[in-house]
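Per-entry structural report
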Amino acid sequence: MHDSTRRAFRPRFALTPVALVACALLQGHAVLAQEQAPLLLKPSPMLRDDIPGDVARELPVFVEGDHIQGRPDLETVIQGGAQLRRGDTLIRADRLEYWQPDDLARARGNVHLNRAGNVFEGPLLELKVESFEGFFSQPNYRFLRNDAYGEADRVDFIDEKRAIIRNATYTTCQRRPGPGWMPDWILRAASIRIDNEEETGQASGAMLSFMGVPILPIPALSFPLTEKRKSGVLPPTIGLDSLSGFELTVPYYWNIAPNRDATLYPTLMTKRGVDLGGEFRYLERSYAGQVRANLMPGDRLRDRDRWGFSAQHDGALFAGSPVGGIGLNLNLNRVSDDNYWRDFSRTTASLTQRLLANEGALSWSRGDLSVLARALKWQVLQDVDAPILPPYDRLPQVAARYLRSNLAGGLEASVEADSTRFEADRRLTRQPNAWRSYAVAQVSRPWQTPGWFVTPRLQLHATHYQFDAPLATRQESATRVVPTASLDSGLVFERDARFFGRSFRQTLEPRAFYVYTPLREQNHLPNYDSVLNDFNFASIHTENEFGGHDRISETHLLTLGASTRLLDPDTGAEAARFGVAQRLRFKDQRVTLPGGAPVSERLSDILFGATINWSPRWSLDSTVQYNPKTGRSIRSTIGGRYSPGNYRVVSAAYRLQRGFSEQLDIGWQWPLNDLWGDQGLNLGPGRGEGEGRWYSVGRLNLSLKDRRLVDTIVGLEYDAGCWLGRIVFERLQSSTNTSNKRILFQLEFVGFTRLGTNALQRLRENIPRYQFLREQVSAPSRFSNYD
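Bear in mind that the values here come from a model prediction, so they are computed numbers and not experimental data.

1. Some details on the overall build of the protein chain
- Helix and strand content of the protein chain: 6 helices and 47 strands.
- Per-residue burial for the protein chain yields a buried fraction of 40% across its 787 residues.
- For the protein chain, long-range pairs separated by at least 24 residues make up 47% of all intrachain contacts whose partners lie at least 6 apart in sequence.
- Split by element, the accessible area of the protein chain, about 42,400 Å² in all, is 57% carbon and sulfur.

2. Considering the state of the cysteines
- Under the defined criterion, the tally for this structure stands at 1 disulfide.
- A sulfur-sulfur distance of 1.9 Å marks the disulfide that ties Cys173 to Cys722. In this structure the cystine formed by Cys173 and Cys722 twists about its S-S bond by roughly 65 degrees; its chirality is therefore right-handed. One end of the pair, Cys173, is in the loop between β11 (162-170) and β12 (185-195); the other, Cys722, is in the loop between β44 (708-719) and β45 (723-733), and 549 residues separate them in sequence. Grouping residues by exposure puts Cys173 and Cys722 together as buried.

3. Focus on the pattern of salt bridges
- Following the criterion strictly, the structure yields 54 salt bridges and no others.
- The salt bridge partner of Asp159 is Arg162, with a shortest N-O separation of 3.0 Å.
- Of the charged contacts, one joins Lys377 and Asp393 as a salt bridge, the two residues approaching to 3.2 Å between their closest N and O atoms. With Lys377 in strand β25 (residues 369-380) and Asp393 in strand β26 (residues 393-404), this pair connects stretches of sequence that are 16 residues apart.

4. Here's the deal with unusual backbone geometry
- With omega at -5 degrees, the peptide bond leading from Leu395 into Pro396 counts as cis.
- Note that Pro396 resides in strand β26.
- Positive phi, normally seen in glycine, also occurs at Asp303, with a value near 55 degrees.
- Relative to the elements of secondary structure, Asp303 occurs in the loop between β21 (287-299) and β22 (304-317).

5. Side note on the pairing of strand β30 (residues 452-467)
- For strand β28 (residues 434-444) and β30, the ladder comprises 11 bridges, and the chain directions are antiparallel. Within the sheet, the bridge partner assigned to Ala439 lies in β30 and is Ala462.
- Counting the residues that bridge the hairpin from strand β29 (residues 447-449) to β30 gives 2 residues.
- The pairing of β30 with strand β31 (residues 477-491) spans 15 bridges and is classified as antiparallel. Within β31, the position partnered with Phe453 by the bridge is Gly490.

6. Section: helix α6 (residues 759-766)
- Listed in full, the buried residues belonging to α6 are Ala759, Leu760, Arg762, Leu763 and Asn766. Seen from one end, α6 has its buried residues packed into an arc of 165 degrees, which puts them on one side.
- The inward-facing, buried residues of α6 contact β43 (693-703), β44, β45, β46 (739-749) and β47 (753-756).

7. Section: the side chain of Asn118
- Relative to the assigned elements, Asn118 resides in strand β6 (residues 118-128).
- The exposure class assigned to Asn118 is buried, which follows from its relative accessible area of 13%.
- Here Leu144 takes part through its backbone nitrogen, which lies 2.8 Å from a polar atom of the side chain of Asn118.

8. What about a nonpolar patch on the surface?
- On the surface, a cluster of nonpolar side chains totalling about 830 Å² of accessible area is made up of Leu240, Phe246, Leu675, Trp676, Trp694, Leu716, Ile727, Phe729 and Ile743.
- Along the chain, Leu716 falls in strand β44.

9. Observations regarding the nonpolar core
- Among the nonpolar cores identified, the biggest contains 51 residues, and Phe157, Tyr170, Trp185 and Ile192 are the most heavily contacted of them.
- Per-element accounting of this core gives the leading share, 5 residues, to β12.
- Filtering out sequence-adjacent residues up to four positions away, Trp185 remains in contact with Tyr170, Thr171, Thr172, Cys173, Leu208, Ser209, Phe210, Cys722, Trp723, Phe749, Val750 and Phe752.
- Formed by 15 residues, the second largest nonpolar core is a distinct cluster that contains Val728, Val750, Ile767 and Phe772.

10. Re the packing of aromatic side chains
- Applying the stated criterion across every chain, the model contains 27 aromatic pairs.
- Relative to Phe157, the ring of Phe132 has its centre 5.0 Å away and its plane inclined at 65 degrees; by these criteria the two rings are edge-to-face. Placement of the pair is Phe132 in the loop between β6 and β7 (133-137) and Phe157 in strand β10 (residues 154-157), with a sequence separation of 25 residues.
- Overall, Phe132 belongs to the buried group, its relative accessible area being 3%.
- Ring centres of Phe500 and Trp614 lie 5.8 Å apart, and the angle between their planes is 85 degrees; this geometry places the pair in the edge-to-face category. One end of the pair, Phe500, is in the loop between β32 (493-499) and β33 (502-517); the other, Trp614, is in strand β38 (residues 606-615), with 114 residues separating them in the sequence.
- When its relative accessible area of 30% is taken as the criterion, Trp614 is described as partly exposed.
- An aromatic cluster of at least three residues, connected via ring pairs, comprises Tyr170, Trp185, Phe210, Trp694, Tyr718, Trp723, Phe749 and Phe752.
- Looking at Arg154, its charged tip hangs above the ring of Phe135, at a distance of 4.3 Å from the centre.

11. Examining the confidence of the model for the protein chain
- The pLDDT averaged across the protein chain works out to 85; a share of 87% of its residues lies at or above 70.
- Between residues 1-36, whose pLDDT stays under 50, and residues either more than four places distant or in other chains, the model counts 22 contacts.
- Here residues 679-690 is modelled with pLDDT under 50, and outside its nearest four sequence neighbours on either side it reaches 41 contacts, counting other chains as well.

12. Topic: the pairing of β47
- Sheet topology note: the β46/β47 ladder contains 4 bridges and is antiparallel. In the sheet register, Glu748 faces β47, and the bridge partner there is Arg754.
- Here β46 folds back onto β47, and the loop between the two strands holds 3 residues, one of which, Gly751, carries a positive phi near 80 degrees.

13. Quick notes on the side chain of Ser553
- Along the chain, the position of Ser553 falls in the loop between β35 (546-547) and β36 (555-567).
- Within the structure, the side chain of Ser553 is placed 2.8 Å from the side chain of Thr555, a separation counted as a polar contact.
- Residues within four places of Ser553 in sequence aside, it is in contact with Thr517, Glu543, Asn544, Glu545, Phe546, Gln589 and Val591.

14. Let's talk about the environment of Leu381
- Following the sequence through the fold, Leu381 ends up in the loop between β25 and β26.
- With 42 residues separating them in the primary sequence, Leu381 and Asn339 have C-alpha atoms 7.1 Å apart.

15. Focus on the environment of Val531
- Along the chain, Val531 turns up in strand β34 (residues 531-532).
- The spatial distance from the C-alpha of Val531 to the C-alpha of Leu593 is 7.6 Å, given a sequence separation of 62 residues.

16. Description of the environment of Arg457
- Structurally, Arg457 can be placed in strand β30.
- By relative accessible area, which is 25% here, Arg457 ends up partly exposed.
- Considering only alpha carbons, one finds Arg457 and Pro446, 11 residues apart in sequence, at a separation of 8.6 Å.
- With residues near it in sequence (within four places) discarded, Arg457 still touches Gln442, Val443, Ser444, Thr484, Ala485, Ser486 and Glu543.
- In terms of polar contacts, Arg457 uses its side chain to reach the side chain of Glu543, at 3.2 Å.

Calculation criteria
- Residues numbered from 1 in each chain as written.
- Predicted model: local features only at pLDDT ≥ 70, side-chain atom pairs only at ≥ 80, totals over all residues.
- Heavy atoms only, no water.
- Helix = DSSP H or I, 4+ residues; strand = E, 2+ residues; numbered from the N terminus.
- Buried < 20%, exposed > 50% of the residue type's maximum accessible area, 1.4 Å probe, protein only.
- Contact = heavy atoms within 4.5 Å.
- Areas by Shrake-Rupley, 256 points an atom, 1.4 Å probe, with all protein chains shown as cover.
- Disulfide = S-S within 2.5 Å.
- Salt bridge = Lys/Arg side-chain N within 4 Å of Asp/Glu carboxyl O.
- Pairing = 2+ DSSP bridges.
- Arc of directions from axis to C-beta.
- Polar contact = N/O pair within 3.5 Å; in protein donor to acceptor, adjacent residues only side chain to side chain.
- Patch = residues over 30% accessible without salt bridge, like charges linked within 9 Å, V, L, I, M, F, W, Y side chains within 5 Å.
- Core = buried A, V, L, I, M, F, W, Y, C linked by side-chain atoms within 4.5 Å.
- Phe/Tyr/Trp six-rings, centres within 6.5 Å; stacked < 30°, edge-to-face > 60°.
- Lys NZ or Arg CZ within 6 Å of the ring centre and 35° of its normal.
- pLDDT = per-residue confidence, 0-100.

Structural data, given as C-alpha cells:
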C-alpha cells in the first residue's frame, strides 16, 4: 500500500458505538434543558497553560501512528509517524515503544519532544512520561520562556521541572539564512542545569563569546530564565565618573524569602576608595519597608570616613485588635557630612537632597475619628555659597480629626486639633521656639445636582502660642481667633458639538467662589510653617491664601472662572479642556509673612489653562499667569508630547517665572533608522533578529536665563535582536559652578545577562515615557508552540 494511503487510515483511539448512543441521549437531554434554562458559560481547564500534578496524573495517554501493535496494559509499539501525547507532553518519532507498567516511552529516529512549549529534537529518547525522568541523546533544544536554544551531547531529565544539559551551547540569537552564519553571542558550557521551578539556569565550565571573541570565562554562573528573583552574584557594573574615576560594582543578591530580600553593593572607586553599600527589603501582610546603608572608610576626596543611612517603614501594629490597628510610619535619613549630597549624587534620592527628614509617626483611626502622634527632625546639609534657612523640628506633634458627613439637614462638619512643639537653632532662626496649639471647626451644607452646585461653609480657627522667650512686643504667649465664611457655586451646561469633523459632548462650567475673613492682627507672631500658596487653579478656590497655620489671610474677595471640556460621546474620554479664572479683591490684604508686603491690587493676575489630548499621539498641557496691567505673563508652563508609536516619543516643557528663572526641558527616545527610511527591523518583544536599529535617547534641561545646560543625559541604544548595547553620557549640576560627569555603557545579552553600568535604570528615571526595548509584558503560552 502506498505510504500516503496508509496515513489516511491511521489508527487512533475513538469512541465505541455504546458511547455514541450515550452521547446522543445526553445531547437530547441538553436540548430540553436549554429550552428550560438559559445557557451559562463555565470555565474549562482544557486549554490551561499549567496543568496541576493531580490533574496530570489522571490524564489518559493518546497514541497514534501508521502501525500500532502491542498487548493490553503491557506494551505498545508504534511505527511510522508515531505520536504519544499526555497532557502537555508530546513525543513524535519514527518508532516509539511504550511500556505501561513502568510508564516508560522509548523513541528512535527523528525524535521530537515538546514539554509545555519547550522543544527537544534528536535521535534517541527514553522517558518516564508522568514523572518526566529519562535522557535525550544529542538533542537540539529550544526554551519557550526566552526563546533560547542550543545543542548538546545529552540531556538528563531529573523530573518535570529540572534537567541537566551536558556539553551544551546556549544563545537567543535567531538563525538567519546564509552560509557560515554564527550567532552574535553564544555560551558554551560543560553542563547547564535548568530549574524551571526556580526559573534559573546554572552553567559550569562556561565561556561567553561575543562576535566570535571569547570575552568572559565563567567557572560557574547562575542566570535567570525569566524575571523571577534568585540569589547569587549579579553581573558587575562599570562606569567612568569625573568625581570618582573608574567605578566597578559587583552586587550580590540574596533572595531570603518571597517577601524579603537583600542586596550588597561593594563599589571600587579609583579616585576615592571602596564604598560598601547594602539594601534590605521586606513585605509582610500588615507592614512593609526597606533599609539602605553606605560606608566608605577613608574617602580620599574628603580625607574622612563617609556614610549614609536610609530607612522607610509603613505598616500597622496590633492589626485586628478590638480597638483597631495602630499605624506606624518611619522615614529616617542621615548622612555623615554636608557634602554628601554633592559627592554621592547617584545613591538613593532621599539622601541626595539638602534637607533630610527623620520622622516617626503613630496613627489610629476608628469611624469618623483619627489621631496622630509624630516627631520630625531635619538634617540640613549646608553649602557656604548657598546657605539654607533650616525648617523647624516638630518634637513632638499630636493631632486629632473628627469628620461627620451625614448630619441632620444634609450638614457636614469637622473638627481638627493640633499641638506641636517647634524647635530650631536660635542663632539661625531669630525667632523663639514655642508650643503652638490650634483648633479648626467648620460646618458646610452642600447642594449638588447634575446641572449645578452650591456649598456654603463657616469656619472658626483658634490658635494659642506659648513662647520660650518673649517677642519684640514682650509677649510670652499669644492667642488668635479667626472666623471665615465662604460660598462656592457653579453651573454645568452641556451640548452636542462638532469641531474639525469630529463629534463631541461640550460642557461649559462657570464657577464663582466668595470668601470673607475679617482682619485679626498676626504680623507680629512668629512663622513656623506658613507659606504663600502657589497661584494656580486649585489654590484660587481656597479660603486661606497661606498654607500652614501661623497666618490666616484677611480676605474679602470673589473668584470668577469658567472652563469648557470636549468629551468623546461614546467613551467619555476628555479630548480638550480650557479654563480661565481671576480674583476680585474688595479690600487690601494686610496679613503678610515676615518681610512680605500688603496686597492692594483689586484685580489679580488672570489664569489661563489648556489641556489637549486630541489624539493618542499628541498631548499638550499649559498654564499661564497673565498680568493685564503690564501685558506680560508672570509665570508660564507649557508642555507637550508627541508619541506616534512604540519607542518613539518626544516631550518638551517650557517654564517661565519672570525675573527668577526660564527653563526648557526636552526628552526623547527615537529610532535613528527612521532618518534614512527604516533600514532595520522594528524590533520588539517576540520579534526576530535583523540588521538592528539605532535609538537616540536623552534629556536636556537648559537654563535660558543663564544660557547654559543644567542637567544632561544623552545616549545611544542599539537593538540587534538578541543583544542590546547602550552608551550614555550624564552630567548633573552639583552646585552653581560645579557638575559631575559620568559615562555609562551596558551590553545586554537578551534572555541571559547584562554587563556594564545600569544605564537602563538611569534612562527610565530621566526620560518621560521611556520604553525598554525588550520588555516582556506577559509570559508566552505553550499553545504558541503547540504541535
